[in-house]
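Now for the letters of each chain:
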Amino acid sequence: MKAGNWEAPGAVETYHGITAPIYVLFLIVTTDCPLDCVYCFVKKTPRYMDEDTAKKGVELLMKSPGQEKLLKLYGGEPLMNFKLIEKVVPFAKELAKVEKRSLTVTVCTSMVTVNKKMVEFFKKYRISLALSSDGSPATQNRYRIYKNGADTAGMTETKLKWLCASINREK
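Only a predicted model underlies this, so the values are computations on that prediction, with no experimental measurement involved.

Caption draft 1: The arrangement of unusual backbone geometry in detail. Although it is not a glycine, Met111 sits at a positive phi angle of roughly 75°. In this structure, Met111 sits in the loop between β5 (102–109) and α3 (116–124). Take Met111: its relative accessible area is 1%, and that puts it in the buried class. Positive phi is not limited to glycine here, since Arg126 has a value of about 50°. Here Arg126 lies in the loop between α3 and β6 (128–131).

Caption draft 2: Broad picture of the pattern of salt bridges. Counted according to the given criterion, the structure contains nine salt bridges. Note that Glu51 is salt-bridged to Lys87, the shortest N-O span being 3.6 Å. Taken together, the residues Glu51 in helix α1 (residues 51–63) and Lys87 in helix α2 (residues 82–99) connect sequence positions 36 residues apart. The exposure class of Glu51 is partly exposed, given its relative accessible area of 30%. In this structure Lys87 comes out as partly exposed when scored by relative accessible area, which is 44%. Through salt bridges with shared partners, a single ionic network connects Glu51, Lys55 and Lys87.

Caption draft 3: Expanded view of the sheet that holds β5. Taken in spatial order, the four strands line up as β3-β4-β5-β6 in an open sheet, and their pairing is parallel. This sheet does not close on itself; its edge strands, each paired only once, are β3 (24–28) and β6. Strand after strand, the sheet turns through a mean of 20° between neighbouring axes, direction not considered. Bridging between β5 and β6 involves four bridges; their strand directions are parallel. When the bridges of β6 are listed, Cys108 appears paired with Ala130. Strand contacts of α2: β4 (68–74) and β5, with the helix running at about 160° to β5, the strand carrying the most contacts.

Caption draft 4: Fine view of the packing of aromatic side chains. Scanning the model with the defined rule gives four aromatic pairs in all. Between Phe82 and Phe121 the ring centres are 5.4 Å apart and the planes differ by 80°, which places this aromatic pair in the edge-to-face class. Of the two residues, Phe82 sits in helix α2 while Phe121 sits in helix α3, which places them 39 residues apart along the sequence. Accessibility classification places Phe82 together with Phe121 in one group, the buried group.

Caption draft 5: Expanded view of the nonpolar core. Leu71, Leu73, Val89, Phe122 and Ile127 are the most contacted members of the largest nonpolar core, which totals 32 residues. The set of elements that each furnish at least two residues to this core consists of β3, α1, β4, α2, β5 and α3. Element by element, the count of residues in this core is highest for α2, at eight residues. Contacts of Val89, omitting those with residues within four sequence positions, involve Leu73, Val105, Phe121, Tyr125 and Ile127.

Caption draft 6: Seen up close, the packing of α1 against α2. Between α1 and α2, whose axes approach to 10 Å, the crossing angle comes to 25°. The orientation of α1 with respect to α2, classified from their angle, is roughly parallel. Seen from above, α1 lies across α2 with right-handed handedness. Contact residues: α1 offers Glu51, Ala54, Lys55, Val58, Glu59, Met62 and Lys63, while α2 offers Leu84, Lys87, Val88, Phe91, Ala92, Leu95, Ala96 and Glu99. Here the contact of α1 with α2 is built from residues that sort into nine nonpolar, no polar and six charged.

The rules behind the values
- Residues numbered from 1 in each chain as written.
- Predicted model: local features only at pLDDT ≥ 70, side-chain atom pairs only at ≥ 80, totals over all residues.
- Heavy atoms only, no water.
- Helix = DSSP H or I, 4+ residues; strand = E, 2+ residues; numbered from the N terminus.
- Buried < 20%, exposed > 50% of the residue type's maximum accessible area, 1.4 Å probe, protein only.
- Salt bridge = Lys/Arg side-chain N within 4 Å of Asp/Glu carboxyl O.
- Pairing = 2+ DSSP bridges.
- Axes fitted to C-alpha atoms, helices over the stretch in contact; angles between N-to-C directions.
- Contact = heavy atoms within 4.5 Å.
- Phe/Tyr/Trp six-rings, centres within 6.5 Å; stacked < 30°, edge-to-face > 60°.
- Core = buried A, V, L, I, M, F, W, Y, C linked by side-chain atoms within 4.5 Å.
- Parallel < 35°, antiparallel > 145°, perpendicular 65-115°, else oblique.
- Left-handed = near helix turned anticlockwise from the far one by under 90°.
- Nonpolar A, V, L, I, M, F, W, Y, C, P; charged D, E, K, R; others polar.

In structure tokens, the structure reads:
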């Protein structure tokens with residue numbers, strides 16, 4: 001049986017020849033970040049994933065065998081490419097319905113750029129957040145600073161309190 005790029009010889013599902021289930025896909029939606037964390041291995045460049053590449057990745061995840069799917073959006077700071085996230089998440093959610101898959105979407109963020117519009121989007125699409133912090137204010141300000149050298153501890157504490165009040169803590 002053949003449908004689009006799918007070929008299913010016998011009882012084995014394939015997508016572009018892939019027969020193994022893919023459970024998780026990490027999309028690095030940008031390498032850009034307003035921070036200069038001393039330990040970060042990401043080369044901070046203003047590079048942004050395009051919509052076509054992101055959608056191809058989502059198709060690979062959703063059309064591969066397996067019921068449970070996890071889409072993780074990373075960076076740099078992924079919220080620096082929020083315009084892409086606004087396009088790829090609804091696409092992924094719709095494709096999950098079509099393919100009859102269970103999908104969890106997670107965004108890993110330092111919270112630096114999060115705003116009310118983003119929070120409303122996270123709530124609407126039931127996106128889980130992985131919030132990144134270095135701990136105590138002294139540790140945060142030692143290892144996680146803005147590119148201009150400014151501290152981030154105050155911002156992190158403020159954003160964390162705001163997010164916890166705005167979003168279901170389980171998410």
